[in-house]
Amino acid sequence: MTQSSNSPSNPNFRPLLVGLTGGIASGKSAVAELFSQIGAPVLDTDQIARDVVEPGTPTLAKLVAEFGSDILDSSGRLDRARMRTRVFADPEQRKRLEAITHPAIREELASRAQRAEGPYQIHVIPLLVESGRADLYDRVLLVDTSEEEQLKRLMARDSANSELAQQILAAQASREDRLDAADDVIVNTGTLQDLHQFVQTLHRNYTLLSERINALDTDDL
């Protein structure tokens, strides 16, 4: 990941990179929004994934060439619900989808990270553990909840039936694997106020960690 140089007092400054992850419907978006509200740069790969397949983009053209025009809705946009149903029912199709979309997402993420400012950045990456890219980050922040709660939220949020919801969870890393990869864990079983307090504490910690790593970098010069 290319690092920013955004501190006038230290030309070698780099932000602390935090990979925010968690299983589907674990509460990542709520945590990301709280970080955004206190001024932290938040780069959400789910949003980037939508941006890189907008009509007219090279990535959408590649998807149509690979899967056919029936993946588009009546307005010419990617029908994400239809695409999701197809790929989670067929692991081979999911691999073909990811081979097209993941490089485009990573390129756009790196470009936005280069332009972002602040002592640390939050990169929201649902499949951080699955992709084997956790080691690229200074800290991995996991939003954790039970699989039962994930299923309940997913079915309520996306109107997914039980079978599809189970398929989506099965395609992701296990809860144990995510916990093993995490440096910091937010247990999302309480209230929004609880999340706010977690985020405030982590904001202070990440700001201090950024100061320390950049002080060390300066001492090494």
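Figured I'd write up the structure that's included with this text. Residue positions within a chain follow its written sequence, with the count starting from 1. For this predicted model, a pLDDT threshold of at least 70 governs which residues receive local features, and a threshold of 80 or more governs which side-chain atom pairs are given and counted, while totals over whole chains, interfaces and linings are taken from all residues. The basis for the side-chain values is all heavy atoms of the structure; hydrogens and waters are excluded.

Numbering goes from the N terminus for both helices and strands, where a helix is a DSSP run of H or I of at least four residues and a strand is a run of E of at least two. For the protein, the helix and strand inventory stands at nine helices and five strands. Written out in order from the N terminus, the α and β elements of the protein read β-α-β-α-α-α-α-β-β-α-α-α-β-α. Expressed along its principal axes, the backbone C-alpha trace of the protein runs to roughly 55 × 40 × 25 Å. Each residue is placed in one exposure class: buried if its accessible area under a 1.4 Å probe, protein chains only, is under 20% of its type's maximum, exposed if it is over 50%, and partly exposed if it falls in between. The buried share among the 221 residues of the protein stands at 40%. We call two residues in contact whenever any of their non-hydrogen atoms come within 4.5 Å of each other. Within the protein, contacts between residues at least 6 apart in sequence are counted, and of these 72% link residues at least 24 apart. For the area figures, the Shrake-Rupley method with a 1.4 Å probe applies, and any residue is considered shielded solely by the protein chains shown. Of the roughly 11500 Å² of accessible surface on the protein, a fraction of 49% belongs to carbon and sulfur atoms. When the 24 positive and 34 negative side-chain charges of the protein are each reduced to one mean point, those points stand 4 Å apart. In this count, Lys and Arg are taken as positive residues and Asp and Glu as negative ones, while His and the chain termini are left out. Taken as the charge centre is NZ of Lys, CZ of Arg, CG of Asp or CD of Glu, depending on the residue.

Like-charged residues within 9 Å of one another, or nonpolar side chains (Val, Leu, Ile, Met, Phe, Trp, Tyr) within 5 Å, are grouped into patches, provided each residue has over 30% relative accessible area and no salt bridge. Salt bridge, as used here: a side-chain nitrogen of Lys or Arg that lies within 4 Å of a carboxyl oxygen of Asp or Glu. A contiguous patch of negative charge on the surface is contributed by Glu130, Glu147, Glu148, Glu176, Asp177 and Asp180. At the level of elements, helix H6 (147-158) and helix H8 (175-181) are the ones that each hand at least two residues to the negative patch. Among the elements that make up the negative patch, the one with the highest residue count is H8 (three residues). Mapped onto the secondary structure, aspartate 177 falls in helix H8.

On to the packing of aromatic side chains. Any two of the Phe, Tyr and Trp rings considered here, Trp counted by its six-membered ring, make a pair once their centres fall within 6.5 Å; the pair's planes then place it as stacked at under 30 degrees, edge-to-face at over 60, or tilted in between. The full count for this structure, using the stated rule, is three aromatic pairs. Each ring, one from phenylalanine 35 and one from tyrosine 120, has its centre 6.2 Å from the other, and the planes form 80°; the classification is edge-to-face. One end of the pair, phenylalanine 35, is in helix H1 (residues 28-37); the other, tyrosine 120, is in strand E3 (residues 120-124), with 85 residues separating them in the sequence. The exposure classification of phenylalanine 35 matches that of tyrosine 120, with both residues buried. The rings of Phe35, Tyr120 and Tyr206 are connected pair by pair, giving a single aromatic cluster.

Next up on the list: the sheet that holds strand E4 (residues 139-144). When DSSP finds two or more bridges between a pair of strands, those strands are recorded as paired. Pairing is parallel in the open sheet, where five strands are placed in the order E2-E3-E1-E4-E5. Of all strands in the sheet, those with a lone pairing partner are strand E2 (42-44) and strand E5 (184-187), marking the two edges. The mean angle between the axes of side-by-side strands here comes to 20°, regardless of whether they run parallel or antiparallel. Where strand E1 (residues 16-21) meets E3, five bridges bridge the pair, whose relative direction is parallel. Its bridge partner lying in E3, glycine 19 is registered against histidine 123. Lines fitted to the C-alpha atoms define the axes, with helices restricted to the stretch that makes contact. Angles between their N-to-C directions range from 0 to 180 degrees.

On to unusual backbone geometry, then. Trans peptide bonds make up most of the peptide bonds, and negative phi angles are found at most residues other than glycine. Phi is positive for alanine 25, which is not a glycine, with a value near 65°. As for its position among the elements, alanine 25 is in the loop between E1 and H1.

On to the side chain of serine 210. Here serine 210 shows up in helix H9 (residues 192-219). Those residues in contact with serine 210 that lie beyond four places of it in its chain are Phe13, Arg14, Leu16 and Pro119.

In this section: the packing of H6 against helix H7 (residues 162-170). Running from amino to carboxyl end, H6 crosses H7 at an angle of 125°, the nearest separation of the two axes being 10 Å. It follows from the interaxial angle that H6 and H7 lie oblique. Viewed along their axes, H6 and H7 form a crossing whose handedness is right-handed. Packed against H6, whose contacting residues are Glu147, Gln150, Leu151, Leu154 and Met155, the element H7 presents Ser162, Ala165, Gln166, Ile168 and Leu169 at the interface. In this classification, Asp, Glu, Lys and Arg are treated as charged, Ala, Val, Leu, Ile, Met, Phe, Trp, Tyr, Cys and Pro as nonpolar, and every other residue, Gly included, as polar. Of the residues contributing to the contact of H6 with H7, the split by class is six nonpolar, three polar and one charged. Every angle not falling under 35 degrees, over 145, or within 65 to 115 is termed oblique; those three ranges are roughly parallel, roughly antiparallel and roughly perpendicular. Less than a right angle of anticlockwise turn of the near helix away from the far helix marks a crossing as left-handed, whereas a clockwise turn marks it as right-handed.

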